[in-house]
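Each chain, letter by letter, is given below.
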Amino acid sequence: MWNLDRKSSDLPETVRTAVLVSGGGSNLDAILSAQKAGHLGSAQVTLVISSRAGVKALEHAAAYQIPACVLERAKFSSEKEFQQAVLSALKAARIQLVCLAGYLRLLSPDIIAAFRGRILNIHPSLLPKFGGSGMYGHHVHAAVLKAEEPFSGCSVHVVDEEFDHGPVIASARVPVEKNDTPETLAARILEQEHQLYPKTIAAFSASLIGAPHD
Ligand code: GRF
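The structure reproduced in this document is the subject of the present report. Since the structure is predicted, the reported quantities are computational estimates derived from the model, not experimental observations. (Residues numbered from 1 in each chain as written. Predicted model: local features only at pLDDT ≥ 70, side-chain atom pairs only at ≥ 80, totals over all residues. Heavy atoms only, no water.)

Let's shift gears to the overall build of the protein chain. Of regular secondary structure, the protein chain possesses 6 helices and 7 strands. Going from the N terminus to the C terminus, the protein chain shows its helices and strands as β-α-β-α-β-α-β-α-β-α-β-β-α. Computed over C-alpha atoms, the radius of gyration of the protein chain comes to 18 Å, within 12% of the 17 Å expected from 2.2 N^0.38 for 214 residues, which places it in the range of a compact globule. The burial tally for the protein chain puts 45% of its 214 residues in the buried class. (Helix = DSSP H or I, 4+ residues; strand = E, 2+ residues; numbered from the N terminus. Rg over C-alpha atoms; globule rule 2.2 N^0.38 Å. Buried < 20%, exposed > 50% of the residue type's maximum accessible area, 1.4 Å probe, protein only.)

So, on to the packing of aromatic side chains. Enumeration over the complete set of coordinates arrives at 1 aromatic pair. Directly above the aromatic system of Phe151 lies the positively charged group of Arg173, at a separation of 3.7 Å from the ring centroid. (Phe/Tyr/Trp six-rings, centres within 6.5 Å; stacked < 30°, edge-to-face > 60°. Lys NZ or Arg CZ within 6 Å of the ring centre and 35° of its normal.)

Let us now look at the site of the ligand. Near the ligand you find Gly24, Gly25, Ser26, Asn27, Gly102, Ile122, His123, Pro124, Leu190 and Glu193, and these make up its full shell. One of the side-chain nitrogen or oxygen atoms of Ser26 is found 2.5 Å away from an oxygen atom of the ligand. At 2.7 Å from an oxygen atom of the ligand is found a side-chain nitrogen or oxygen belonging to Glu193. Coverage of the ligand by the protein chains reaches 77% of its 370 Å² of free accessible surface. The set of elements that each furnish at least two residues to the shell around the ligand consists of α1 (26-36), β5 (119-123) and α6 (182-208). When grouped by side-chain class, the residues that make up the shell around the ligand number 3 nonpolar, 6 polar and 1 charged. (Near = heavy atom within 4 Å. Polar contact = N/O pair within 3.5 Å; in protein donor to acceptor, adjacent residues only side chain to side chain. Areas by Shrake-Rupley, 256 points an atom, 1.4 Å probe, with all protein chains shown as cover. Nonpolar A, V, L, I, M, F, W, Y, C, P; charged D, E, K, R; others polar.)

Another point: the pattern of salt bridges. The full count for this structure, using the stated rule, is 7 salt bridges. Glu72 is paired through a salt bridge with Lys75; the nearest N and O atoms lie 3.1 Å apart. Each of Arg73, Glu79 and Arg105 takes part in one network of salt bridges that share partners. (Salt bridge = Lys/Arg side-chain N within 4 Å of Asp/Glu carboxyl O.)

Topologically, Val176 is positioned in the loop between β7 (168-175) and α6. Spatially, the C-alpha atom of Val176 lies 9.5 Å from that of Arg188, the residues being 12 residues apart in sequence. Non-local contacts of Val176, meaning those with residues more than four positions away in its chain, are made with Val144, Leu145, Glu149, Pro150, Phe151, Ser152, Leu185 and Arg188. (Contact = heavy atoms within 4.5 Å.)

Here the focus is the side chain of His157. Tracing the backbone through its elements, the reader meets His157 in strand β6 (residues 151-158). In this view, His157 contacts Ile119, Leu120, Asn121, Leu127, Asp164, His165, Gly166, Pro167, Val168 and Ile169; residues no more than four positions away in its chain are not counted.

Here we come to the sheet that holds strand β4 (residues 97-100). Judged by pairing direction, the sheet is mixed, and its 7 strands sit side by side in the order β3-β2-β1-β4-β5-β6-β7 without closing on themselves. Edge strands, defined here as strands with exactly one partner in the open sheet, are β3 (68-70) and β7. Each neighbouring strand pair of the sheet contributes to a mean axis angle of 20 degrees, computed without reference to strand direction. Here 7 bridges tie β6 to β7, and the two strands are oriented antiparallel to one another. By the bridge assignment, Ser152 is partnered in β7 with Val174. Strand contacts of α1: β1 (15-21), β2 (43-50) and β5, with the helix running at about 155 degrees to β2, the strand carrying the most contacts. (Pairing = 2+ DSSP bridges. Axes fitted to C-alpha atoms, helices over the stretch in contact; angles between N-to-C directions.)

Next up on the list: the packing of α1 against α6. Between α1 and α6, the least distance of the axes is 9 Å, while the angle of their chain directions is 45 degrees. If you check the angle between α1 and α6, you find them oblique. Where α1 crosses over α6, the two elements pack in a sense that is right-handed. Facing Ser26, Asn27, Ala30, Ile31 and Ala34 of α1, the residues of α6 in contact are Leu190, Glu193, His194, Tyr197, Pro198 and Ile201. Partitioned by chemical class, the residues of the contact of α1 with α6 number 7 nonpolar, 3 polar and 1 charged. (Parallel < 35°, antiparallel > 145°, perpendicular 65-115°, else oblique. Left-handed = near helix turned anticlockwise from the far one by under 90°.)

It is worth spelling out the pairing of β6 at this point. The buried fraction of β6 amounts to 7 of the 8 residues, a majority that puts the element mostly inside the structure. Examined bridge by bridge, β5 and β6 share 4 bridges and lie antiparallel to one another. Note that in β6 the partner of Asn121 across the bridge is His157.

In this section: the nonpolar core. One finds Val19, Leu28, Val45, Leu97, Leu120, Tyr197 and Ile201 to be the most contacted residues of the largest nonpolar core, which totals 39 residues. Of all the elements, α6 adds the most residues to this core, at 7 residues. Contact partners of Ile201, with chain neighbours within four places excluded, come to Ile31, Leu40, Ala43, Leu97, Cys99 and Leu120. Counting 22 residues, the second-largest nonpolar core is a separate cluster that includes Ala18, Leu47, Ala89 and Ile111. (Core = buried A, V, L, I, M, F, W, Y, C linked by side-chain atoms within 4.5 Å.)

See the structure below:
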């Protein structure tokens, strides 16, 4: 049933999306490439926030002419002020969906509360295995190899207050090979991340269309 009382301006066709990065930004690149090809569903990346200056992720944002800002913890006198600046940037850009893509800072409870259920992260393991504090980059893949797991992969999950903890909404499995090193395994998983994350953002954004948000 159509709600005829609703103004057309209340029915956004796009979901204004921010991508938060700290480094290489290959997932950001994959997301922006999907957006350009029209494969990001209703999500539209309108802001990139980097917690580090001079990183490759910022070059990807510039290549696609996406507004980007650098918010470094060291430039603020307290963690609270830093987190407040991130939240203000998201609000000023009227962001509706936040995607973490290699963002190495923990989000404050205030940010999580402001975007509850609208923050996604990609992690290079099959969560809940090999997630949590200290489980990033090389550490994840080294732990998978040490545990002699037959499979690893990547997971997209909704972010809550704990590291790598919220509900997993999509994953891709990658076989571990006999001669794998953390580097070779990471590279094969990253290829899968570049497929999985844009596809998942596209599907997830559809569920946010028309949903009320301040
Ligand atoms: C990826 O492996 C992602 O799963 C993890 O951080 C890495 C970021 O890589 N959260 P990139 O910066 O997107 O290249």
